[in-house]
Amino acid sequence: MTCNLEKNKGVSVKSLPLGGAGASLQFITLAGSEPGQLAEHAELLQKAEKSGLRWIGPEVYGSADLDLSSVPGAGMTAFLGTKTGASFYRGMQICAVEGINARAIEFNGRTAGVFYEDEYAEYAVLGGLSPRDRTAGRTEQTLDVFRQMEEALNRAGMDFSHVVRTWFYNNRLLDWYEEFNRARDTFFESRGVFDRLVPASTGIGSGNREHAALSARVFAIRPKGDRVTVKDIPSPLQCSAQDYRSSFSRAVEVDHPLFRQVIVSGTASIAPGGESVHLGDIDKQTELSLDVIEAILKSRGMGWKDVVRSVAYFKDKDYAPHYEKIALRRGLAIMPCIGIQADVCRDNLLFEMELDAAVLKA
């Protein structure tokens, strides 16, 4: 990437090659700490002019009063957290593709995402999906979001069988997480998801600008042959989430001819039997969550140095310094990460992390 974004303070760029001369996928993290940095980051992205460069799926972590009109890219998601005060900004994550065929996915009167392809597979990223009828019950709003995922993917010649990763940002999550799980199960059963790959996922508490029950993002891959494969990966230190009726894979691996990518779902302080542990202790919950993720990465021959993006969620914003101290001691300061306050799926869980890691093939 010749735009030299990574030369700016607080900016990380991690690049993966794609099939085709000069083709690549870039993961960009722009860490923030004050509202004014959003405009600075948007300007950096706008100035990153390069032939064939296409911005995909910006995730903006900040308050509802921020002006997002200058942020480039299709399929934007705004993450507000659950204790939303005025005027805060924690950063942005965005992907870019270059040297590759890419086009916008138009859906419901907006640019909902981007479709791109290389010689080995087709890919789609959708963001900012929210229910069309926000007066409906939460179950119906959830099912409508799933239907929208499917309908938007149809615009790219895909369907839900190609989904490898989802994100759900649920408003007042703790009030209705079980209801959400039942709705997800209903949709998955109707589409035969339990008979094939169950996507990796994050389900986290956050408000949204639409005042809907939830908003969502999705990543899908349609291999063109057998040279790209996607499979679920067990967590060495945890049971399957499906053992306690939460329908997602702990992690998913994408095996591409040029790289391997591990997508780790939102991970918290949960014991092998599925129960929450280290109740009330933010340090021990953080340590266990990181132990679990590290074990997943090691099982695939990876480590923290291979992380291309990550998000740390804190039930209380005052927990952030605890994570930062632990991350420094464990050598995690090398990885790109956005930290933000949010509710985790159980009231007794204080910390959660999701991430992607990748290694190149020789």
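Going by the structure above, here's the rest.
As the structure is a prediction and not an experimental result, all values here were calculated from the model. (Residues numbered from 1 in each chain as written. Predicted model: local features only at pLDDT ≥ 70, side-chain atom pairs only at ≥ 80, totals over all residues. Heavy atoms only, no water.)

1. Considerations on unusual backbone geometry
Most of the time, phi is negative for any residue but glycine, and the peptide bond is trans. Its identity is not glycine, yet Ser87 carries a phi of approximately 55°, on the positive side. For Ser87, the position within the fold is in the loop between strand 4 (77-79) and strand 5 (89-98). The phi dihedral of Arg172 is positive, around 55°, even though this residue is not glycine. Of note, Arg172 is situated in the loop between strand 9 (163-170) and helix 3 (173-191). (Helix = DSSP H or I, 4+ residues; strand = E, 2+ residues; numbered from the N terminus.)

2. With respect to the packing of helix 4 (residues 282-299) against helix 5 (residues 320-330)
Relative to each other, helix 4 and helix 5 sit at 45°, their axes nearing to 10 Å. By the angle class used here, helix 4 and helix 5 are oblique. By crossing handedness, the relation of helix 4 to helix 5 is classed as right-handed. Where helix 4 approaches helix 5, its residues Ile282, Asp283, Thr286, Glu287, Leu290, Asp291 and Glu294 are matched on the opposing element by His322, Tyr323, Ile326, Arg329 and Arg330. Split by residue class, the contact of helix 4 with helix 5 holds four nonpolar, two polar and six charged. (Axes fitted to C-alpha atoms, helices over the stretch in contact; angles between N-to-C directions. Parallel < 35°, antiparallel > 145°, perpendicular 65-115°, else oblique. Left-handed = near helix turned anticlockwise from the far one by under 90°. Contact = heavy atoms within 4.5 Å. Nonpolar A, V, L, I, M, F, W, Y, C, P; charged D, E, K, R; others polar.)

3. Points about the environment of Asp283
As for its position among the elements, Asp283 is in helix 4. Spatially, the C-alpha atoms of Asp283 and Arg227 are 42 Å apart, while their sequence positions differ by 56 residues. For Asp283, the contacting residues outside a window of four places in its chain are His322 and Ile326.

4. What about the sheet that holds strand 12 (residues 229-233)?
Strand order in the open sheet formed by six strands is 12-13-14-17-15-16, and the pairing between neighbours is mixed. A strand with exactly one partner marks an edge of an open sheet, and here the two such strands are strand 12 and strand 16 (338-341). Adjacent strand axes in the sheet meet at a mean angle of 10°, parallel and antiparallel pairs treated alike. Judged from the seven bridges that link them, strand 14 (residues 259-267) and strand 17 (residues 351-360) form a sheet pairing that is antiparallel. Across the sheet, the residue bridging to Arg260 is Val359, located in strand 17. (Pairing = 2+ DSSP bridges.)

5. Some remarks on the pairing of strand 3 (residues 54-62)
Counting buried positions along strand 3 yields eight of nine residues, so the element is predominantly enclosed. Pairing geometry for strand 3 and strand 4, over three bridges, is parallel. Bridging from a neighbouring strand, Glu59 pairs with Thr77 of strand 4. (Buried < 20%, exposed > 50% of the residue type's maximum accessible area, 1.4 Å probe, protein only.)

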